[in-house]
Amino acid sequence: MKNGALVFLAALIALGGSWVGFVLAPTLQLGGEKQTVVLNGTDVYPIQRTGDATVGLQVYRANGCANCHTEQVRQDGFACEVTLTAAGKNPTVVSNLIASLKLDGLTHEQAEALSDKITAAGGKSETRLVATGGDIDRGWGIRQSVAADYLYDYPVQLGILRAGPDLANIGFRHPDMKWQLQHLYAPKSVSAHSSMPPFRYLFEVRKVADSGPSADALDLPKEFAPAEGSEVVPTEAARQLAAYLLSLRANVPLYEAPFTPVTTAKP
Amino acid sequence: MNSANPISVAKIDASCRVPLLALFIGASVALIAGLTLALVAAMSFHAPALFASCPIFTYGRVAPAANDLLLYGFCVPAGLGILLWIFARLSRAELALPIVSVVAAHLWHLGVFIGTVGILVGDSTGFTWLEYPRAAAVLLFTGFFLVALTAMATFGARSERELYPSHWFLLAALVWFPWIYSTANLFLLAWRVRGGAQPVIDWWFTNNMVYVWLALVGVGTAFYFLPKLAGRPLHGRFFTLFAFWTLILFGTWCGIPHGAPVPAWLPSVSFLASTLFIIPVIAIAIIAAKTAYGSGVVCKGGPLCYIEFGTASFVLSGLLLIASACPDMSRILSFTWFGFGQFQLQLLGFFGMIAFGGVYYILPRIMGQPLPFPGFVRFHIWLCWAGIILFVIPLLIGGVLQGLANYNPTAALMMLRVSSMGLVLLLLGSLLFFVNIFVMALRWNLALIKTVIAAVKAPLEEAEVKP
């Protein structure tokens, strides 16, 4: 290769191509993203975090939680589910019919045929769209995560490893602040097989004041509780982290991640 | 030797001495620190509550600090030192601006130190493989830029106009690191792009750093040493150009995982690129095999063993990358220890081994004396073989088990514990590596001091003595 400059130039173009494709294009496509509207609704999504939860993301970052926890739910596809909403005039026929049929995990065509059968028998049904996949079966979310879920996050903590469970919907799965704090202080006290390190440095163990125990003190089971006369109180950082965890809920249908919310189906 | 430029090889080597020592000592210290921290991180799987009251050693801080020490602290400076020496040798010229690269080496090590401390005290940026806070990133960028400057000045002084294949790989590496590192830091830390674009840029950087940059330097180095040590010319110049081209053309587009919460075209393009990545991997395997095998040279635990093992690891790690990018496999393997094992194979099994081989070859030459403990080199390779196999294979198996068990955290626990033993062996090996470099530097420093003392103590010449 006498022409060193040519090799150099060609290499520069080859390298630069990926920069245009994976840096410039996504920045242009996603960098200008705005709030969207919930599917079939009027609410805007996502809502920006406030107060403690915003600072909590920084506690999450500083302690490298994303090294063991992801914040993204994956999805393989969709399925339809048929729910009976009214049994009609002939309830025994309808209930016999539905007892003999599979009602979930259907394709769209199968769901239509099933709902036709129920209608023919005199009942009324509703067809729901549900997301499917390993993460969803495991109860980590209702739908896949999409770019819109992270609109206001900085830094976005998608995570690389699931040494622990996914947290994309932890605020929805465990909405209790006390549970979150106790889990941070002594993971094994709420989940016996947990391999998570306890984050005791986010808590303060102190003597119970003469005026009585603090309202914030954790209500721990005996084997995890400190010595008699002491109490465990969360620090500011622990409370912020828990507030952030509670704010993690990606549970509304969006245009790019649709599903039929359960609330509409009331038999 | 070129008759037009009668500079001796010994003189070229000696010109590299101070900058390379600065780079290699820092690299070997970072290697020890990185493996030690990796071991501290692994302790969390033996006793989760061990560091419950000690934020500095919590897994989430120690693990990224260890990874970054191995990549930025060890791989990059060791690679840069080897690169400078190869450039000087190929140019048949003394290393240009040696003082600049000495300063650069210290800036780089300082950046790594500040970055590591930053992560440990909770000042990590939160972006995978880019955890170093801004101040450290600026130091790393400046350090690299100055090394690149020295390398380019040496390259410009070459007497042989025609480029050797290693030149392509190493020149591309010199351009690519400042490009990707500044892009990632500017977009993520300075301009703070919005939401979903952040992980895309992070994945792009990670892939280009770990799979493209390390490949450029590692393969470039292997293509220099393999022919030299095997005593045969590099197989097929145009074939090598083809391998180089396809490596940067396809390798740079890998890295966006299947099912990522980003517009669907991104993972699709990445999947296509990873499939095509098989072309450069196989091409490089063929070139290396045709150059080294059948030459009749037996490595006997010397540098050639390291380079061969490293090249084989590169091929294996590339195949794992391709396999894990395919959607069916990715559904099981992503977010598991498999990915971590794959990174470690790339960092230590491939790049680390090539760097060891290179350093063991270069060190006696630049110092002008044999290694103080040549036996350590032969022992070190055994520790590397056993260590990498014991460290990486359980992680890969553990990842598969974890994926099949639907991310049950206990599924991979036993494998993780086994892999810590591999880490111990690697740590022992890194101590041997350090001792060789350190004793050599110490002897050289003592000799320097002796020369100075001798010069001071020398009896004055008669002419200078006042009558």
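Residues numbered from 1 in each chain as written. Chains lettered and ligands numbered in written order. Predicted model: local features only at pLDDT ≥ 70, side-chain atom pairs only at ≥ 80, totals over all residues.

Asks: How should the overall build of chain B be read in this particular structure?
Replies: Helix and strand content of chain B: 15 helices and zero strands. Computed over C-alpha atoms, the radius of gyration of chain B comes to 23 Å, within 12% of the 23 Å expected from 2.2 N^0.38 for 467 residues, which places it in the range of a compact globule. When its C-alpha atoms are laid out on the principal axes, chain B stretches across 90 × 55 × 45 Å. Residue burial in chain B is summarised as follows: out of 467 residues, 58% are buried. Once local pairs closer than 6 in sequence are excluded, the contacts in chain B between residues at least 24 apart make up 84%. (Helix = DSSP H or I, 4+ residues; strand = E, 2+ residues; numbered from the N terminus. Rg over C-alpha atoms; globule rule 2.2 N^0.38 Å. Buried ≥ 20, exposed ≤ 12 C-beta atoms within 10 Å, placed from the backbone. Contact = placed C-beta atoms within 7 Å.)

Asks: Sorry if this is basic, but what is going on with the environment of L106 of chain A here?
Replies: Residues and elements named next belong to chain A. Inspection of the secondary structure assignment puts L106 in the loop between α3 (91–99) and α4 (108–120). Judged by the 20 C-beta atoms lying within 10 Å of it, L106 is buried. Apart from the residues within four sequence positions on either side, L106 is in contact with A79, C80, V82, A111 and L114.

Asks: What should I look at first to understand helix α11 (residues 303–325) of chain B in this one?
Replies: Since the α-helix advances by 3.6 residues per turn, residues separated by three or four positions end up pointing in the same direction. Over its 23 residues, α11 of chain B extends 33 Å from the first C-alpha to the last, a length consistent with the 33 Å expected when each residue adds 1.5 Å. Counting buried positions along α11 of chain B yields 17 of 23 residues, so the element is predominantly enclosed. (Expected span 1.5 Å × (residues − 1).)

Asks: Any chance you could explain the nonpolar core here in plain terms?
Replies: With 221 residues, the main nonpolar core has L241 of chain A together with C75, L84, A172, A173, I201 and L216 of chain B as its most contacted residues. Sort the elements by how many residues they give to this core and helix α7 (residues 197–230) of chain B lands first, with 23 residues. Not counting residues up to four positions away in its chain, the partners in contact with I201 of chain B are V23 of chain A together with A184, F187, L188 and V193 of chain B. In this structure, V82, L106, L114 and A121 of chain A belong to the second largest nonpolar core, which totals 10 residues. (Core = buried A, V, L, I, M, F, W, Y, C linked by C-beta atoms within 7 Å.)

Asks: Even after reading the chapter, I still don't get the domain arrangement of chain A, so can you show me in this structure?
Replies: Note: interface size is frequently given as the accessible area lost on complex formation between the parts. Under the domain assignment used here, chain A contains domain 1 (44–73 + 139–246) and domain 2 (77–131). Each of domain 1 of chain A and domain 2 of chain A has a C-alpha centre, and these two points are 41 Å apart. (Domains from an automatic or database assignment.)

Asks: Hey, could you run me through the interface of chain A and chain B in this one?
Replies: Each side of the interface is counted separately: chain A has 60 residues, and chain B has 62 residues. Elements that contribute at least two residues to the side of chain A that touches chain B include exactly α1 (4–30) and α2 (51–62) of chain A. In terms of residue count, α1 of chain A provides more of the side of chain A that touches chain B than any other element does, 16 residues in total. Here the residues of the side of chain A that touches chain B are counted per class, giving 33 nonpolar, 18 polar and nine charged. (Nonpolar A, V, L, I, M, F, W, Y, C, P; charged D, E, K, R; others polar.)

Asks: Sorry, what's going on with unusual backbone geometry here?
Replies: Glycine aside, residues mostly have negative phi angles, and peptide bonds mostly take the trans form. Residue and element names in this part refer to chain A. Residues Y45 and P46 are joined by a peptide bond in cis, for which omega reads -10°. If you trace the backbone, P46 turns up in the loop between β2 (44–45) and α2. For the bond running from Y154 to P155, omega is -10°, close enough to zero to count as cis. Within the secondary structure, P155 is located in the loop between α5 (134–137) and α6 (170–173).

Asks: I would appreciate a short explanation of the packing of helix α4 (residues 98–120) of chain B against helix α5 (residues 134–156) of chain B in the present structure.
Replies: Geometrically, a packed helix pair is captured by the angle between its two axes and the distance between the axes. Residues and elements named next belong to chain B. At a minimum axis separation of 8 Å, α4 and α5 run at an interaxial angle of 160°. Between α4 and α5, the angle is such that the two are roughly antiparallel. By crossing handedness, the relation of α4 to α5 is classed as left-handed. Listed contacts from α5 to V100, S101, V103, A104, L107, W108, L110, G111, I114, G115 and G118 of α4 are A135, A136, L139, L140, T142, G143, F144, L146, V147, L149 and T150. Here the residues of the contact of α4 with α5 are counted per class, giving 15 nonpolar, seven polar and no charged. (Axes fitted to C-alpha atoms, helices over the stretch in contact; angles between N-to-C directions. Parallel < 35°, antiparallel > 145°, perpendicular 65-115°, else oblique. Left-handed = near helix turned anticlockwise from the far one by under 90°.)

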